[in-house]
Amino acid sequence: AKEKRFPNARMRSLIAMALLLSTSYSFVRTPLRRAFSSKQLGSLVERQASETGSTSEVPQISLSTASKSTLVDWLSHTPYPPYRASQISNYLNSGVTDPAQMSTLPKTLRALLQSSDVPLLSLLPPGGEIISLDGTIKRAYVLRDGSVVESVLMSNSARTGHTACISSQVGCAQACAFCATGQMGFSRQLTADEIVAQVREFDAMLRRLGSRLDRVVFMGMGEPLANYKNVVKAVKEIQEAGIGWRKITISTVGVAHNIRRLASDLPQVGLAVSLHESDEEKRSALLPANARYGGIAELLSAVKYHCDETGRRATFEWALIDGNNDTPETARRLGVLLAEAGIKPSQCHVNVIPLNPTDGFSGSKSGMGRVRRFCEVLEAEFGVSATVRGRRGVDVDA
């Protein structure tokens, strides 16, 4: 049927006012609903807004983090229809964050986006970005309340691509003895948007260079599973933005009850556990949270549950400290613990990490001979795979 038109300005104004009163258009009479699709009616609303220059009070938005659902909610405070959220989201996911470059949007909407956009984070001046000799990029961001968090971008092999290491808290309450963040104490939780913003910033930068972000690891400042609700929400928004579930990893000191929850809430997301010791007393000395969350046995029970429920392999992180947790006896004790917990060799991997020295911890990294021997014991005697993770960004304390 030939499209009906209402060229009369007064008629367009009446239609626009009606639509603003009810987003469902439920009271609009049937003949009018048949004559126009919701998209066509929305266009009339936009035209009316352009002619009058009037909008209701519009809330601020951070385009660097806005998910499609966030955009739909923001648009509900404007005269513009919900379908514009998909267009804006497509721009953001392709690395375009400047509204002026979103050419398929009406000029009035671009101007409104520009005036409403208030970034959640900005680079700390001066020296908010430091680039390592190996290409690793470390950024320090200032949040709206003046808090500072760090994020790191690592570019590895063609297989792993670009990985963002992001923060989930301002500071950390876990007080791990060898961790710089643990030594600074806890300030507050990051919101889901503040977490997503770190990912968006790196991805937008890479897309402008003709590349893209491939992986995200929650291994920056803070304990992700102590900020459970916001982290789960952030992960879902990160996946919505184009990072696959299996390319996202959450690292934890061992918040056992939330490891179990992850098995159902985010079953495809990777799990990494900062274990570092196989002796109960020694682990509590290195990681005071050990006792708080039920000890090694409870932790391994939660990991076993997670592996069984998701069918995914867990990674145990192990920072080798010279003469402390790097002996063959320590490796054997770890192998025995894993077997007693019912965690099969196929269900786990040990990621050996050379210790990064910090001012507040006197330990030093193990020599390569001790590192190799530790891995050999796990592999030869227990069939547990163990590899040494390469150190990146050492010269910038990444």
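As the structure is a computational prediction, the values presented were derived from the model and not from experiment.

S.K.: Could you give an account of the overall build of the protein chain, with specific residues and numbers?
M.R.: When you go through the protein chain residue by residue, the secondary structure sums to 15 helices and 13 strands. Expressed as a percentage of the 398 residues in the protein chain, the buried residues total 50%. Considering only residue pairs separated by 6 or more positions, the protein chain has 66% of its internal contacts joining residues 24 or more positions apart. Summed over all atoms, the accessible surface of the protein chain reaches about 18,700 Å², with 52% contributed by carbon and sulfur.

S.K.: Residue-level account of unusual backbone geometry, with values.
M.R.: A positive phi angle, near 55 degrees, is found at Ala-175, a position not held by glycine. For Ala-175, the position within the fold is in the loop between β6 (169-171) and α7 (180-184). Here Ala-175 falls in the partly exposed class, since its relative accessible area comes to 36%. Here His-276, not a glycine, exhibits a phi torsion of approximately 70 degrees, which is positive. Judged by relative accessible area, which is 5%, His-276 ranks as buried.

S.K.: Describe the pairing of strand β8 (residues 215-218), naming the residues involved and giving the relevant values.
M.R.: Pairing analysis gives 3 bridges linking strand β5 (residues 162-165) to β8, with the strands arranged parallel. Each bridged residue has a counterpart across the sheet, and for Cys-165 the counterpart in β8 is Val-217. Of the strand pairs in this sheet, β8 and strand β9 (residues 248-252) are connected by 3 bridges, and their pairing is parallel. The residue bridging Val-216 from the neighbouring strand is Ile-248, located in β9. In the classification by handedness, the crossover that spans β8, the intervening helix α9 (residues 228-240) and the parallel β9 is right-handed.

S.K.: Please give an account of the side chain of Glu-317 that cites residues and values.
M.R.: Within the secondary structure layout, Glu-317 lies in strand β11 (residues 314-320). The exposure class of Glu-317 is buried, given its relative accessible area of 4%. Looking at Glu-317, its side chain comes within polar contact range of the side chain of Ser-274, at 2.9 Å.

S.K.: Account for the side chain of Asp-203, naming residues and giving values.
M.R.: Structurally, the position occupied by Asp-203 is in helix α8 (residues 192-208). Residue classification places Asp-203 among the buried positions, given a relative accessible area of 11%. Every residue in contact with Asp-203, bar those within four places of it in the chain, is listed here: Asn-93, Arg-212 and Leu-213.

S.K.: Just give me the short version of the pattern of salt bridges, but keep the residues and values in it.
M.R.: Summed over all chains, the structure comprises 12 salt bridges. Residue Asp-308 pairs with Lys-304 through a salt bridge whose shortest N-O separation is 3.2 Å. Here the residue Asp-308 and the residue Lys-304 both occupy positions in helix α13 (residues 295-310), the gap between them amounting to 4 residues, near one helical turn. Judged by relative accessible area, Asp-308 falls into the partly exposed class, the value being 43%. The exposure class assigned to Lys-304 is buried, which follows from its relative accessible area of 17%. Through salt bridges that share partners, Asp-145, Arg-188 and Glu-194 make up one connected network.

S.K.: Describe in detail the nonpolar core, supporting the description with residues and values.
M.R.: Grouped together as the largest cluster of nonpolar side chains are 76 residues, with contacts concentrated most on Phe-218, Ile-238, Ile-250, Val-303, Phe-316 and Val-350. With 8 residues, α8 is the largest single contributor of residues to this core. Among residues more than four places away in sequence, those in contact with Val-303 are Ile-259, Val-273, Ala-314, Phe-316 and Ile-343. Residues Ala-66, Ile-88, Val-96 and Leu-112 belong to the second largest nonpolar core, which totals 18 residues.

S.K.: If you had to explain the packing of aromatic side chains to someone new, which residues and values would you point to?
M.R.: Scanning all chains against the criterion turns up 2 aromatic pairs. Ring plane angle 70 degrees and centroid distance 6.2 Å describe the contact between Phe-178 and Phe-361, whose orientation is recorded as edge-to-face. Here Phe-361 lies in the loop between β12 (348-354) and α15 (368-382) and Phe-178 lies in the loop between β6 and α7, a separation of 183 residues in the sequence. Judged by its relative accessible area of 12%, Phe-178 is buried. For Phe-361, a relative accessible area of 17% corresponds to the buried category. Residues Trp-318 and Phe-374 carry aromatic rings whose centres are separated by 5.4 Å and whose planes lie at 40 degrees to one another, so their mutual orientation is tilted. With a gap of 56 residues between them, Trp-318 in strand β11 and Phe-374 in helix α15 connect regions that are remote in the sequence. Assigned by exposure class, Trp-318 and Phe-374 land together as buried. Here the basic side chain of Arg-260 rests over the ring of Tyr-305, its NZ or CZ set 5.6 Å away from the ring centre.

S.K.: Now, about α15: what can you tell me, with residues and values included?
M.R.: For α15, which comprises 15 residues, the first-to-last C-alpha distance of 21 Å matches the rise-based estimate of 21 Å (1.5 Å per residue) to within 8%. Within α15 the residues assigned to the buried category are Val-371, Phe-374, Cys-375, Val-377 and Leu-378. The inward-facing, buried residues of α15 abut β11, α14 (328-340), β12 and β13 (386-388). Where α15 ends, the next residue or the one after it, Gly-383, has phi of about 70 degrees, a positive value.

S.K.: Tell me about the environment of Thr-70, residues and numbers included.
M.R.: Topologically, Thr-70 is positioned in helix α4 (residues 68-75). Separated by 15 residues in the primary sequence, Thr-70 and Ala-85 place their C-alpha atoms 8.5 Å from one another.

Reading the values: the criteria
Residues numbered from 1 in each chain as written. Predicted model: local features only at pLDDT ≥ 70, side-chain atom pairs only at ≥ 80, totals over all residues. Heavy atoms only, no water. Helix = DSSP H or I, 4+ residues; strand = E, 2+ residues; numbered from the N terminus. Buried < 20%, exposed > 50% of the residue type's maximum accessible area, 1.4 Å probe, protein only. Contact = heavy atoms within 4.5 Å. Areas by Shrake-Rupley, 256 points an atom, 1.4 Å probe, with all protein chains shown as cover. Pairing = 2+ DSSP bridges. Right-handed = clockwise from strand over helix to strand, strands pointing away. Polar contact = N/O pair within 3.5 Å; in protein donor to acceptor, adjacent residues only side chain to side chain. Salt bridge = Lys/Arg side-chain N within 4 Å of Asp/Glu carboxyl O. Core = buried A, V, L, I, M, F, W, Y, C linked by side-chain atoms within 4.5 Å. Phe/Tyr/Trp six-rings, centres within 6.5 Å; stacked < 30°, edge-to-face > 60°. Lys NZ or Arg CZ within 6 Å of the ring centre and 35° of its normal. Expected span 1.5 Å × (residues − 1).

Read these as geometric descriptors, not functional statements.
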